Amino acid sequence: MAYQDHIIEMSQLVESKGGTWDGIRPEAAARMRLQNRFKTGLEIARYTADIMRQDMAAYDADASQYTQSLGCWHGFIGQQKMISIKKHFGTTDRKYLYLSGWMVAALRSEFGPLPDQSMHEKTSVPALIEELYTFLRQADSRELNILFRQLDGARAAGDTTREETLLEAIDGFQTHVVPVIADIDAGFGNAEATYLLAKKMIEAGACALQIENQVSDEKQCGHQDGKVTVPHEEFLAKVRACRYAFLELGVENGVIVTRTDSLGAGLTKQIAVSHAPGDLGDQYNSFLDCEELTPENAHNGDVIISRAGKLLRPKRLPSNLFQFREGTGADRCVLDSITSLQNGADLIWIETEKPHVEQIASMMDRIRKVVPNAKLVYNNSPSFNWTLSFRQQIFDAWKAAGKDVSAYDRAGLMSVEYDETALASEADERIRTFQADAARRAGIFHHLITLPTYHTAALSTDNLAKEYFGAQGMLGYVAQVQRQEIRQGIACVRHQNMSGSDIGDDHKDYFAGEAALKAGGVHNTMNQFA
C-alpha cells in the first residue's frame, strides 16, 4: 500500500469514530504503521524465506548471483552492517545475516565465554534472532523517520518537486530486514528437542536453519578435533523435525541447511541399523575401521557386525565411540550430502579444513551427478589462515608447473618479507576472487564468514586502547574514530539519532502536540554533526 493510501485509510478510520479520535493525526498514524512493517517474527520468517527461494532460483540460472553474509553477535552489529550495505550498494539484495553458534557460545552465554560445544543456553539462540530483527526494524523506522522529516521540510518550503521525490522514496523504501541463516548446532538434544528449539527460532524470525550431523552431547566446533557424527537416520529425524516446525508455523518456504562434519570427523557415536546389504545403515557402517573376527582374536564384550558373510569387529575406543577408516572423509561427505538433499534438505554445507576451490568442487561434482541442482553454503572461516593457505597453493601450483620457487620458503610464506612478491600478489588475487570462483566452479550459493565481527571488535578495541591510553590521549579517539565517522559518513556518529531519540521526539509531538518536551532542540549537542 502506498503512503497516501495509508493516510486515506487512517483518515477514514478517524472520521468513523464521530469525533472521539480527532486528536489522532491520520498521517502520523500512517507513518507509525509504515515504520513497523513487520508485526511478528513469523511475518519476517515468511517474507525472508521467499527472498531466499528467489535467490536460490536466480543462482540456479546464473552462478554469478551468489549470496553472502557476515556473522553478527549483537543486534547493533547486524543493524550497522545492513545500514552500511544500503549506503554503499543502494540495496540489500543477496546480502544476509549469519547467526553463529560459536559466537553465541563465546559472547552471549550467561555462563560466560564458552567453546563451541553446545554448552550455552539454547534459548540464547532465538533470543539473538529476535534481537537482530528488533535492531533491523529500528533501522527501518529511523531511515523512514528521516524521510518523513525531509518531507515535512519540503512541504514547509513549498518545494513540490522535492516533495514528490520524497514520496517516491517512501513508497520505494527497501527494508533492512533480510534473511538470517541461524545455527541450531546439532539440535541441542533429541529430535523433539530440535523441533521445540526450531519453533522458537522460527517464531523469532529465522527463515533458514542450519543443522549439523554431530552428536548433540559431544558437539565440537567444525574446526576442532574430536568431532563425532551420528548415523544418517538419527540426523534425518532432526531434519524432519525442523521441517515439521516450519510447516506447523505456516512457513512453507522455510530453508533447511544440512551441514556435514564428516571430512574432519573420525568417530561415530554408534553403529547404524541395517536391514539389507547396501541400505543407508549398511553404507554408513561400511566406513567403519574393522578387522575380521576369528575365535583366536575374539574378546569379551566385542561388538560384531556381519557383512558379506564375514564377522567383523569395528574398532571401539575406550570412550565407547567407533572409529572410521582413514581417508574416508570425502566419501562420507558426499553420501551425507546426497542423503540430506534426498530427504528434505534445501542446501548443504561441507565443513573443510582449508579454503580450496578444487577440493570443494571434487565433492560437489560427485554430489551433482545425483542431485544436479545441489547448492552449498560455505564457511569462509577465520579459522583458516587465508594468507598462508593461498600462498602455499600458489607455491604448489608454480612448482608443479616447473616454475622456480627457490626464493620462497613454503613453511614460512606468512612472513611479511613475502608481502610484495609476485607469489603473494597472485595469492591475494585468488583470495579476492575466491567467492566468485567457488560459486561458479564448486556450486557455492551462499558464502558466509562465521566470526568476522568477533575479530573486528577485538582489533578496533585494541587499536583504540593503544592510542587513547598512550601518548595520543584523546586524539587517539578523535583521529581514529570520530573524525573517520564524520568523513566516511557513518550514521552512528549521530548516536542519539541512531538510538531513536528523533523518533521519540516525533512520537511526543504526535501524542502531546505543542506540550511535548523534546530532546532534539537547539541545545542538543548532536546538532554539531548535522
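Refer to the structure above for everything that follows.
This structure is a prediction, so every number in the text was calculated from the model and none was measured.

Criteria and thresholds
- Residues numbered from 1 in each chain as written.
- Predicted model: local features only at pLDDT ≥ 70, side-chain atom pairs only at ≥ 80, totals over all residues.
- Heavy atoms only, no water.
- Helix = DSSP H or I, 4+ residues; strand = E, 2+ residues; numbered from the N terminus.
- Buried < 20%, exposed > 50% of the residue type's maximum accessible area, 1.4 Å probe, protein only.
- Areas by Shrake-Rupley, 256 points an atom, 1.4 Å probe, with all protein chains shown as cover.
- Lys, Arg positive; Asp, Glu negative; His and termini not counted.
- Charge placed at Lys NZ, Arg CZ, Asp CG, Glu CD.
- Polar contact = N/O pair within 3.5 Å; in protein donor to acceptor, adjacent residues only side chain to side chain.
- Core = buried A, V, L, I, M, F, W, Y, C linked by side-chain atoms within 4.5 Å.
- Contact = heavy atoms within 4.5 Å.
- Pairing = 2+ DSSP bridges.
- Axes fitted to C-alpha atoms, helices over the stretch in contact; angles between N-to-C directions.
- Patch = residues over 30% accessible without salt bridge, like charges linked within 9 Å, V, L, I, M, F, W, Y side chains within 5 Å.
- Salt bridge = Lys/Arg side-chain N within 4 Å of Asp/Glu carboxyl O.

Asks: I'd like a description of the overall build of the chain, backed by residues and values.
Replies: Scanning the chain from N- to C-terminus turns up 19 helices and 14 strands. Within the chain, the fraction of its 530 residues that count as buried is 47%. Split by element, the accessible area of the chain, about 25,300 Å² in all, is 53% carbon and sulfur. Charged side chains in the chain number 55 positive and 70 negative. The centres of these two groups are separated by 1 Å.

Asks: Describe in detail the environment of Asp-261, supporting the description with residues and values.
Replies: Its location among the elements puts Asp-261 in the loop between strand 6 (255-260) and strand 7 (267-268). The sequence separation of Asp-261 and Phe-384 amounts to 123 residues, and the corresponding C-alpha distance is 16 Å. A polar contact of 3.0 Å, which involves the side chain of Asp-261, links it to the side chain of Arg-259.

Asks: Explain the nonpolar core residue by residue, including any values.
Replies: Core analysis: the biggest nonpolar cluster contains 62 residues, and Met-52, Leu-99 and Met-201 have the highest contact counts within it. Residues in contact with Leu-99, not counting those within four places in the same chain, are Val-104, Val-125, Leu-128, Ile-129, Leu-132, Val-180, Ile-181, Ala-182 and Asp-183. With 33 residues, the next largest nonpolar core counts Tyr-378, Val-405, Leu-423 and Ile-444 among its residues.

Asks: Any chance you could break down the sheet that holds strand 11 (residues 322-323) for me, citing the residues and the numbers?
Replies: The mixed open sheet is built from three strands, whose spatial order is 5-7-11. Strands with a single pairing partner mark the edges of an open sheet, and in this sheet they are strand 5 (228-229) and strand 11. With two bridges connecting them, strand 7 and strand 11 associate as antiparallel partners. Counterpart to Leu-267 in the pairing with strand 11 is Gln-323.

Asks: Kindly report on the sheet that holds strand 10 (residues 310-314), identifying the contributing residues and their values.
Replies: As summarised here, the arrangement of the three strands in space is 8-10-9, forming an open sheet in which the pairing is antiparallel. Edge positions in the sheet fall to strand 8 (290-292) and strand 9 (305-307), since each of these pairs with one other strand and no more. Going from strand to strand, the sheet's axes swing by 40° on average, the running direction of each strand aside. Both strand 9 and strand 10 contribute to a ladder of three bridges, which runs antiparallel. Looking at the pairing, Ser-306 lines up with Leu-311 of strand 10.

Asks: Let's hear about a negative patch on the surface: which residues, and what values?
Replies: On the surface, Asp-5, Glu-164, Glu-168 and Asp-171 cluster together into a patch of negative charge. With three residues, the top contributor of residues to the negative patch is helix 7 (residues 160-171). In this fold, Asp-171 is placed in helix 7. Accessibility expressed as a relative area gives 45% for Asp-171, which makes it partly exposed.

So, to be careful, I would describe these as geometric facts and stop short of saying anything about function.
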